[in-house]
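Given next are the chains, with one letter for each unit.
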Amino acid sequence: MSEITPPLILIADDDKITRMVLRQAMEQEGYQVVEAIDGESCLAIFSRLRPDVVLLDAIMPIMDGFACCARIQQLQGATQTPVLMITGLEDQDSVDQAFTAGAVDYITKPIHWAVLRQRVRRLIQQVRLYRQLEEANSKLQRLATVDGLTQIANRRRFDEYLEHEWQRMMRERLPLSLILGDIDCFKLYNDTYGHQAGDDCLRKVAQVMQMAAKRAIDLSARYGGEEFAVILPHTEQSGAIQVADDIRVGVKGLEIAHASSKVAQAVTISLGVATTIPSQASSPEMLIMAADQALYQAKAAGRDRYCTDAIESDY
Ligand code: GH3
Ligand code: MG
């Protein structure tokens, strides 16, 4: 709900006159209105238009307001649209039933118009605040898990995901592979072309990492300064080697000039691949260490290549 579009109120009432009077009252407040003649059509309209507030009559044919309200709650998901019940029933049971069904507020007929206006106003304010909060939360969530420079997962997300997939693969007795990649002679690259160019290079390499990890459950992350990591759940060593070599070829294929590199005239990457079937006897840290050792071997063997390492006891 933006500041520009007026709030949308869904009015569900089987009585035509009531609907008309409610519509007028709401339109006077500057809201947009859509009408439903029973619970069933209310649900259909709710799903389609996602209104900001629902004014729901309790007694309607086909599906009454209580059932309709309960169904709306099931449909809601993350968007919390408040439902205000309007009814002639004043007994304790109906009030309880409305709140049990998920209504956030309740007014009785005959409608006290000033009260209705104030309540709807307050609900709209609440909806706005709630949605702003949701937006801020998802922004924060993103900031907490995405690397600012490269826009791929950050170290924190990497740590969380590795732990999560470690547990999952342990339960399912499936292999988990990890690739660590480190750009070759990157210090020299920065020294030759400047830090800004270095940052651009990191962004491009990150994209290659992201593209190489194709499955939805794979996770590419920036592991450290010029180090990247790929978590490959349910992946044997042979599959991880394929991904590692795709990355190596992909980075070289970027053809980023690197005149001072000891390896080639272009930016290259070295990779370490480790695979294990997680168990109580090993740990994610051991998998990282194994990948790191393999990476070290790739560097020592001349860079622009991958090496593998397995945690012996399990694999
Ligand atoms: P090797 O081939 O052995 O990996 O050598 P290297 O020069 O890549 O390795 P080293 O660890 O000596 O240098 C890493 C360099 O990465 C040094 C550091 O300035 C640079 N670096 C780390 N983070 C960033 C960053 O965010 N942006 C830029 N531009 N450079 C970074
Ligand atoms: Mg390096």
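Residues numbered from 1 in each chain as written. Chains lettered and ligands numbered in written order. Predicted model: local features only at pLDDT ≥ 70, side-chain atom pairs only at ≥ 80, totals over all residues. Heavy atoms only, no water.

- The name given to the chain in an unreviewed UniProt entry is Diguanylate cyclase response regulator, with Phormidesmis priestleyi ULC007 as the source organism.

**So, the nonpolar core**
And then number 1: In this structure, I179, I183, V205, F228, I247 and I269 are the most contacted members of the largest nonpolar core, which totals 28 residues.
And then number 2: Mapped by element, the contributors of at least two residues to this core are β6 (176-183), α7 (186-193), α8 (195-212), β8 (227-233), α9 (237-253) and β9 (269-276).
And then number 3: It is α8 that contributes the most residues to this core, 8 residues altogether.
And then number 4: In this structure I183 touches L202, V205, E226, F228, V267, T268, I269 and K299, once residues within four positions along its chain are discounted.
And then number 5: Ranked by size, the runner-up nonpolar core spans 25 residues in total, among them A12, A36, C68 and A101. (Core = buried A, V, L, I, M, F, W, Y, C linked by side-chain atoms within 4.5 Å. Buried < 20%, exposed > 50% of the residue type's maximum accessible area, 1.4 Å probe, protein only. Helix = DSSP H or I, 4+ residues; strand = E, 2+ residues; numbered from the N terminus. Contact = heavy atoms within 4.5 Å.)

**A few points about the pattern of salt bridges**
And then number 1: Evaluated as defined, the whole model comprises 24 salt bridges.
And then number 2: Across the pair D159 and R155 runs a salt bridge, and its minimum N-O distance is 3.3 Å. With D159 and R155 both in helix α6 (residues 155-172), this residue pair falls 4 residues apart, about one helical turn.
And then number 3: The salt bridge involving D191 is made with K187; its shortest N-O contact spans 3.3 Å. Residue D191 and its partner K187 are both found in helix α7; the two are separated by 4 residues, about one turn of the helix.
And then number 4: What makes D191 exposed here is its relative accessible area of 53%.
And then number 5: Beyond isolated ion pairs, a larger network of salt bridges with shared partners links R19, R23, E27 and E35. (Salt bridge = Lys/Arg side-chain N within 4 Å of Asp/Glu carboxyl O.)

**Here we look at the coordination of the magnesium ion (ligand 2)**
And then number 1: The coordination sphere of the magnesium ion (ligand 2) contains the protein donors D182 (OD), I183 (O) and E226 (OE), at a distance range of 2.0 to 2.2 Å.
And then number 2: For the magnesium ion (ligand 2), the donor residues sit on a single chain with the sequence spacing D-I-x42-E. With a gap of 43 residues between them, I183 in strand β6 and E226 in the loop between β7 (219-222) and β8 connect regions that are remote in the sequence.
And then number 3: On the basis of relative accessibility, which here comes to 1%, the residue I183 falls in the buried class.
And then number 4: Owing to a relative accessible area of 23%, E226 belongs among the partly exposed residues under this scheme. (Donors = N, O, S within 2.8 Å, 3.2 Å for Na, K, Ca; no water.)

**Notes on α9**
And then number 1: A rise of 1.5 Å per residue sets the reference length of α9, with its 17 residues, at 24 Å; its end C-alpha atoms lie 24 Å apart and thus fit the reference within 8%.
And then number 2: Of the positions making up α9, those classed as buried are A240, V243, A244, I247, R248 and V251. Taken down its axis, α9 places every buried residue within 140° of arc, on the same side. Counted as exposed and oriented over 90 degrees from the buried face of α9: S238 and G253. (Expected span 1.5 Å × (residues − 1). Arc of directions from axis to C-beta.)

**Section: a nonpolar patch on the surface**
And then number 1: A contiguous nonpolar patch, built from I17, M20 and V21 and spanning about 270 Å² of accessible area, is present on the exposed surface.
And then number 2: A residue is classified by how much of its surface remains accessible, and V21, at 31% relative accessible area, is partly exposed. (Patch = residues over 30% accessible without salt bridge, like charges linked within 9 Å, V, L, I, M, F, W, Y side chains within 5 Å. Areas by Shrake-Rupley, 256 points an atom, 1.4 Å probe, with all protein chains shown as cover.)

**Re the domain arrangement of the chain**
Interfaces are often described in size by the accessible area the parts lose on coming together.
And then number 1: Split by domain assignment, the chain resolves into domain 1 (8-140) and domain 2 (155-310).
And then number 2: Relative placement of domain 1 and domain 2: their C-alpha centres are 52 Å apart. (Domains from an automatic or database assignment.)

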